[in-house]
Structures are given as structure tokens and as C-alpha cells.
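Tertiary structure, described
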Amino acid sequence: MSIAADACSVSVTDADRVAAVQRALPSEECVQNLAHVFGLLADPGRLRLISALLEGGEMCVCDLAAATGQSMSAASHALRLLRADRVVKVRRAGRMAYYRLADSHVRMLFDLAITHVGHEDGEHGDG
């Protein structure tokens with residue numbers, strides 16, 4: 001019988017370690033909120049908008065749509081979702097809406113993710 005490389009050949013647990021890890025895990029509510037944020041950021045169109053805001057600072061919807069190759073409707077819809085979850089903020093000036101990132105945490109998440117996906121296969125440290 002063959003054992004998969006990512007499975008234990010014997011089912012034995014370290015009760016102290018398991019208990020310590022369980023105490024350190026985030027609450028279920030926190031995990032649900034994290035999953036929602038990561039799901040929100042999992043859309044390529046929304047990521048392009050965030051990237052444009054990282055590069056261009058505050059931008060109007062027209063410029064964001066043009067910069068990301070999206071229709072005005074698609075960009076507006078994505079920005080509404082991002083605003084509802086406090087990823088971006090909006091400033092209105094007359095009939096114009098200008099968007100900017102809500103805080104520096106978004107930049108940190110984005111920069112870390114770009115660094116992570118840019119790693120070469122040999123740099124993952126999984127072996």
C-alpha cells in the first residue's frame with residue numbers, strides 16, 4: 001500500500017501542540033471575515049482597480065475604467081463592492097466620484113501577495 005507524500009503513515013497527534021494551536025487560532029467570525037476579504041480580492045477586475053489606485057492615487061471612475069480596460073459599469077460596480085467593505089473610499093466633487101484606497105493595509109496586502117506570487121518554484125521552502 002502506498003502512502004501519499006502529504007499524509008501521515010500513522011495517525012498520532014501531539015495533544016499539547018494541538019491544544020496550543022487551537023487556542024491561537026482566530027475566532028470563527030474572524031475567519032469568516034478574512035474569507036470574505038480574500039474573496040473580494042480574488043476578482044481580477046477588482047485587483048486591477050486596486051493596482052491602478054496604488055499607482056495613480058486618487059482617481060475618478062472614468063480614469064479607473066480607462067486605465068484598467070473595464071467598462072464604466074463594471075468599474076463602478078466593482079468600486080461599490082470595494083467601498084462597501086471599506087477597501088476604498090470615495091470623495092464626490094459635483095458630478096464626479098474620486099476613489100482612493102481606504103488605508104495602508106490594502107497596500108501591504110497587495111505588496112505581500114505580489115512578492116509571494118513572484119517567487120520562483122525553488123524558493124518556496126516546502127521541502
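Structure: above.
Summarised in this report is the structure supplied together with it. Predicted model, so just to flag it, every value in this text is computed and none were measured.

Comments concerning the overall build of the chain
Helix and strand content of the chain: 6 helices and 3 strands. Element order for the chain, N to C, with α for helix and β for strand: α-α-α-β-α-α-β-β-α. Taken against the 2.2 N^0.38 rule, which gives 14 Å for 127 residues, the C-alpha radius of gyration of the chain at 20 Å runs more than 25% over that of a compact globule. Principal axes of the C-alpha set define a box for the chain whose edges measure 65 × 35 × 25 Å. A buried classification covers 22% of the 127 residues belonging to the chain. In the chain, the proportion of contacts linking residues at least 24 apart, taken out of those at least 6 apart, comes to 46%. Just so you have it, the chain exposes about 9,400 Å², and 55% of that area is on carbon and sulfur atoms. Looking at the chain, you have 13 positive and 16 negative side-chain charges, and the mean spots of the two groups are 16 Å apart.

Examining the pairing of strand E3 (residues 96-101)
One face of the sheet, then the other: side chains in a regular strand alternate in exactly this way. Residues of E3 alternate between two faces, with Ala97, Tyr99 and Leu101 buried on one and Met96, Tyr98 and Arg100 left unburied on the opposite face. Examined bridge by bridge, strand E1 (residues 59-60) and E3 share 2 bridges and lie antiparallel to one another. Within the sheet, the bridge partner assigned to Met59 lies in E3 and is Tyr99. Pairing between strand E2 (residues 88-93) and E3: 6 bridges, direction antiparallel. Residue Ala93 lies in a different strand from E3, and its bridge partner there is Met96. If you look at the hairpin formed by E2 and E3, you'll find 2 residues sitting between the two strands, and Gly94 has a positive phi there, around 65°.

Topic: the environment of Gln32
If you trace the backbone, Gln32 turns up in helix H2 (residues 28-40). A relative accessible area of 47% means that Gln32 is categorised as partly exposed. Only 2.9 Å separates the side chain of Gln32 from the side chain of Glu28, close enough to count as a polar contact.

Cut-offs used in this document
Residues numbered from 1 in each chain as written. Predicted model: local features only at pLDDT ≥ 70, side-chain atom pairs only at ≥ 80, totals over all residues. Heavy atoms only, no water. Helix = DSSP H or I, 4+ residues; strand = E, 2+ residues; numbered from the N terminus. Rg over C-alpha atoms; globule rule 2.2 N^0.38 Å. Buried < 20%, exposed > 50% of the residue type's maximum accessible area, 1.4 Å probe, protein only. Contact = heavy atoms within 4.5 Å. Areas by Shrake-Rupley, 256 points an atom, 1.4 Å probe, with all protein chains shown as cover. Lys, Arg positive; Asp, Glu negative; His and termini not counted. Charge placed at Lys NZ, Arg CZ, Asp CG, Glu CD. Pairing = 2+ DSSP bridges. Polar contact = N/O pair within 3.5 Å; in protein donor to acceptor, adjacent residues only side chain to side chain.

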